[in-house]
Amino acid sequence: MPKQHLLVNNIADAGLNSDLIAYDLPPEFLTNLKNIRISEKKLSPFGGYADIISFAVGFDPGYILYIRGDSGGDGFWIIAGNTAVFAFDGATLFNISSAAGYAPIANEDLWNGCKLADIPILNHVDNIPEYWPDPQSGATALIPLPWKVGQDWATAGESCRIMRSHKQYLFAMDLTGAFGAAPDGVRWSSPADIGGVPETWDHLDDTNVAGLTSLSGNGGKIIDGLSLRDAFVIYQELGITIFDFVPNSPYVWRIREQSTTFGLASINSVVEVKGNHYFISDGDIFYNNGTTIQSIMHNQIRTMFISDINIDAYKTSFAIKNSIYTEIWFCIPGQGSTHPNLAYIYNWRDSSWAIRDIPQTPSGDYGSKGDLLLTGSTWGDIVGTWDEQSRIWNASNISIYDNTILCAVKPNSADNDSTTGKLRILDLSIVESIVPYNVIVERIGFALGGLKRVTTITRLYPHMTGSGKVFIQIGSMEYQNGPVSWKPGVTFDPKIDRKVDIRSTGALHAYRFSNVDVDAPWSLSGFDIDFVDAGER
């Protein structure tokens with residue numbers, strides 16, 4: 001039989017798809033993809049972590065917020081927990097807890113915060129809102145946010161579950177006060193002066209525009225809120241309400257209902273990208289431009305997402321925007337996990353999906369890598385050539401290209417058997433990670449001659465660069481949704497190999513790439529397949 005040839009060169013563009021029948025997908029689509037980054041039309045190993053610091057025994061971290069420094073300089077990572085609030089500048093851990101302290105806080109995961117210009121605001125429903133008046137000095141402590149002149153939230157008898165910023169205003173949501181609990185209640189402050197915080201929240205003071213309202217309806221309690229261009233969008237359990245900013249008006253906001261059928265899964269699970277929102281909802285992830293709401297998972301990986309998420313712990317989910325790689329990390333708890341341990345990573349430029357393991361964590365954020373010191377990293381630990389390294393020599397505060405993602409890990413948790421909590425860096429190259437991880441690039445159920453024809457794959461020509469070896473397997477299937485009969489795999493070294501001779505016969509085929517070297521980089525953009533016709537069945 002004459003040899004035939006198939007070029008598969010756009011697997012990065014096609015990406016992962018678990019929703020459609022595998023047979024209906026061209027060979028470049030992947031049906032399983034784990035611990036891989038899709039970037040620049042290539043697939044590269046992406047997983048693991050490195051420890052940055054260990055906290056003192058007794059401190060359980062629950063929330064991370066990054067604050068940038070002046071003039072683009074290195075900023076602070078704020079870590080709030082059960083007994084204290086710390087600020088970390090990459091070298092020193094400062095205790096910035098308020099003078100009143102924390103008693104301790106029963107559920108450290110309920111901390112939340114925002115940035116009003118460059119002023120950090122921190123809030124916990126069992127505490128009072130606080131702010132950091134000098135975020136350039138680790139020696140300055142948090143102080144209570146004013147309720148009005150001469151009074152803070154504690155003396156006013158007020159609290160809220162969520163606090164967010166929009167323009168020069170602050171929004172407090174899910175309220176508790178003299179009137180009792182109002183889970184759909186919303187307050188907004190008077191506008192803050194430049195470099196300051198709002199003067200008052202008193203809606204009865206007619207000399208300012210502070211206000212109070214209830215969203216009412218059947219939307220349930222408020223979950224979170226976030227700016228969307230000039231508007232502020234509030235997400236409930238089953239409803240979305242938009243506060244449109246109306247300049248030069250005594251009412252400031254025009255309130256309109258956007259949806260009564262979509263809701264938000266959890267606090268911190270909505271992010272803004274280029275004037276649009278992306279958010280986790282009930283069994284799906286959606287895009288919202290203020291008018292249209294649509295799934296970004298439908299007909300791609302929604303089936304896998306529903307199967308993976310632990311519905312008993314979904315309220316711990318959160319999302320992080322990774323600007324430099326045009327990614328959104330939707331971090332969810334997998335089956336059996338109490339906190340997120342999987343990141344569904346969406347590339348908004350390519351509309352592609354990837355999935356990676358993360359250490360079980362309650363919170364993470366994106367900010368400057370700066371002078372973060374990787375525990376145990378020395379020149380002797382580096383694998384590969386100079387050109388293969390992803391970090392920038394002597395990079396500290398040069399640009400967003402030095403940014404990364406950090407997460408907090410609780411003590412005595414699934415991925416941390418230590419009695420101390422950890423701060424870990426996640427956005428690493430394979431040579432920087434201190435832990436090995438498994439990589440899978442897999443496709444099952446594709447035909448080379450239609451379901452009527454049986455074909456034999458004879459060899460593969462991977463399109464690969466790098467110094468890391470991979471293990472390549474080819475398999476066959478007799479029918480759709482049937483088991484894969486995997487043939488013995490072959491190790492491929494992109495430094496010296498051009499092809500792998502490997503044979504498999506069937507009506508449907510499968511391929512799998514996995515890592516051999518756990519500390520050496522490689523990239524895969526596609527491959528060529530040689531095959532021959534083996535008749536009909």
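Please read all numbers here as calculations on a predicted model, not as lab measurements.

Conventions and cut-offs
- The numbers attached to residues start from 1 for each chain and follow its sequence in the written order.
- Predicted model: local features are reported for residues with pLDDT of at least 70 only, side-chain atom pairs are reported and counted for 80 or more only, and whole-chain, interface and lining totals are derived from all residues.
- To obtain the side-chain values, all non-hydrogen atoms of the structure were included, while hydrogens and water were left out.
- Pairs of strands are assigned from DSSP output, requiring at least two bridges between the strands.
- Starting at the N terminus, helices and strands are each numbered in turn, a helix being any DSSP run of H or I of at least four residues and a strand any DSSP run of E of at least two.
- Comment: axis = line fitted to C-alpha atoms, over the contacting stretch for helices; angle = value between 0 and 180 degrees taken between N-to-C directions.
- Note on contacts: a residue pair qualifies if any of its non-hydrogen atoms lie within 4.5 Å across the two residues.
- A pair of Phe, Tyr and Trp rings is counted when the ring centres sit within 6.5 Å of each other, with Trp represented by its six-membered ring. The angle between the planes then sorts it: under 30 degrees is stacked, over 60 is edge-to-face, the rest tilted.
- Only protein chains enter the accessibility calculation, which uses a 1.4 Å probe; a residue whose area is less than 20% of its type maximum is buried, one above 50% is exposed, and one in between is partly exposed.
- Predictor confidence is given residue by residue as pLDDT, running from a minimum of 0 to a maximum of 100.
- As used in this structure description, the phrase polar contact means that two N or O atoms lie within 3.5 Å; if the pair is within protein, one of them must be able to donate a hydrogen and the other to accept it, and residues adjacent in sequence are counted only when both atoms belong to side chains.
- Definition used for salt bridges: Asp or Glu carboxyl oxygen within 4 Å of a side-chain nitrogen of Lys or Arg.

### Comments concerning the sheet that holds strand 6 (residues 61–67)
And then number 1: Strand order across the open sheet formed by four strands is 6-7-8-9, with antiparallel pairing between neighbours. The outermost strands of the open sheet, each flanked by one partner alone, are strand 6 and strand 9 (93–95). Averaged over all neighbouring strand pairs, the angle between strand axes comes to 25°, with direction disregarded.
And then number 2: In the sheet, strand 8 (residues 85–88) pairs with strand 9 via three bridges, with the strands oriented antiparallel. Counterpart to alanine 87 in the pairing with strand 9 is phenylalanine 94.

### Some words on the environment of phenylalanine 29
And then number 1: Secondary-structure assignment places phenylalanine 29 in the loop between helix 1 (11–14) and strand 2 (32–34).
And then number 2: Sequence separation between phenylalanine 29 and arginine 256 is 227 residues, and the spatial gap between their C-alpha atoms is 41 Å.
And then number 3: When near neighbours in sequence (up to four residues on either side) are disregarded, phenylalanine 29 contacts Ala14, Gly15, Asn17, Arg443 and Tyr511.

### Regarding the packing of aromatic side chains
Centre distance and the angle of the planes are the two values used to describe a pair of aromatic rings.
And then number 1: As enumerated under the stated definition, the model contains 30 aromatic pairs in all.
And then number 2: Consider the rings of phenylalanine 59 and phenylalanine 86, whose centres lie 4.9 Å apart with planes at 85°: the pair is edge-to-face. On the criterion of sequence distance, the pair formed by phenylalanine 59 in the loop between strand 5 (50–54) and strand 6 and phenylalanine 86 in strand 8 is long-range, its members being 27 residues apart. Each of the two residues, phenylalanine 59 as well as phenylalanine 86, counts as buried.

### Some words on the confidence of the model for the protein
And then number 1: Averaged over all residues, the pLDDT of the protein equals 90, while 92% of them reach at least 70.
And then number 2: Across residues 374–401, confidence stays below pLDDT 50; counting only partners more than four residues off in sequence or on other chains, it has 48 contacts.

### Looking at the side chain of asparagine 403
And then number 1: Within the element layout of this structure, asparagine 403 appears in strand 33 (residues 403–409).
And then number 2: The class of asparagine 403 is buried, set by a relative accessible area of 15%.
And then number 3: A polar contact of 3.4 Å, which involves the side chain of asparagine 403, links it to the side chain of tyrosine 366.
And then number 4: Apart from residues no more than four positions distant in its own chain, asparagine 403 is found in contact with Tyr366, Gly367, Ser368 and Lys369.

### A word on the pattern of salt bridges
And then number 1: Summed over the entire model, instances satisfying the criterion amount to 26 salt bridges.
And then number 2: Close ionic contact of aspartate 427 with arginine 37 constitutes a salt bridge, the shortest N to O distance being 2.9 Å. Taken as a pair, aspartate 427 in the loop between strand 34 (422–425) and strand 35 (440–446) and arginine 37 in strand 3 (residues 36–39) lie far apart in primary sequence, 390 residues in all. Across the pair, arginine 37 and aspartate 427 agree in class, each one buried.
And then number 3: Put simply, lysine 499 and aspartate 501 hold a salt bridge, and the shortest N to O gap is 2.8 Å.
And then number 4: Three or more residues joined by partner-sharing salt bridges are found here, namely Lys3, Arg459, Lys499, Asp501 and Asp530.

### What about the environment of isoleucine 320?
And then number 1: Relative to the helices and strands, isoleucine 320 is located in strand 28 (residues 318–322).
And then number 2: Separated by 51 residues in the primary sequence, isoleucine 320 and serine 269 have C-alpha atoms spaced 8.0 Å apart.
And then number 3: Among all residues touching isoleucine 320, those that are not within four sequence positions of it are Val271, Glu327, Ile328, Trp329, Gly364, Asp365, Tyr366 and Ile405.

### Some thoughts on the side chain of glutamine 300
And then number 1: Among the structural elements, glutamine 300 can be located in the loop between strand 27 (293–295) and helix 3 (302–308).
And then number 2: A distance of 3.4 Å separates a polar atom in the side chain of glutamine 300 from the backbone oxygen of serine 351.
And then number 3: Ignoring any residue separated from it by four or fewer positions in sequence, one finds glutamine 300 in contact with Leu16, Asn17, Ser18, Asp19, Ser351 and Trp353.

### Focus: the environment of arginine 187
And then number 1: Its place among the elements puts arginine 187 in strand 18 (residues 180–188).
And then number 2: Each C-alpha atom of the pair arginine 187 and lysine 452 lies 66 Å from the other, and the pair is 265 residues apart in sequence.
And then number 3: Each residue touching arginine 187, except ones within four places of it in the same chain, is listed here: Trp147, Glu158, Leu170, Phe171, Ala172, Leu175, Phe179, Trp201, His203, Gly211 and Leu212.

### Quick word on the sheet that holds strand 23 (residues 253–259)
And then number 1: Sheet architecture is open: four strands sit in the order 20-21-22-23, paired in antiparallel fashion. Edge positions in the open sheet fall to strand 20 (222–228) and strand 23, since each of these has one partner strand only. Across the sheet, the mean angle separating the axes of adjacent strands is 20° when strand polarity is ignored.
And then number 2: Relative to strand 22 (residues 239–245), strand 21 (residues 231–236) is paired through six bridges, and the arrangement is antiparallel. Opposite alanine 231, over in strand 22, you have aspartate 244 as the bridge partner.

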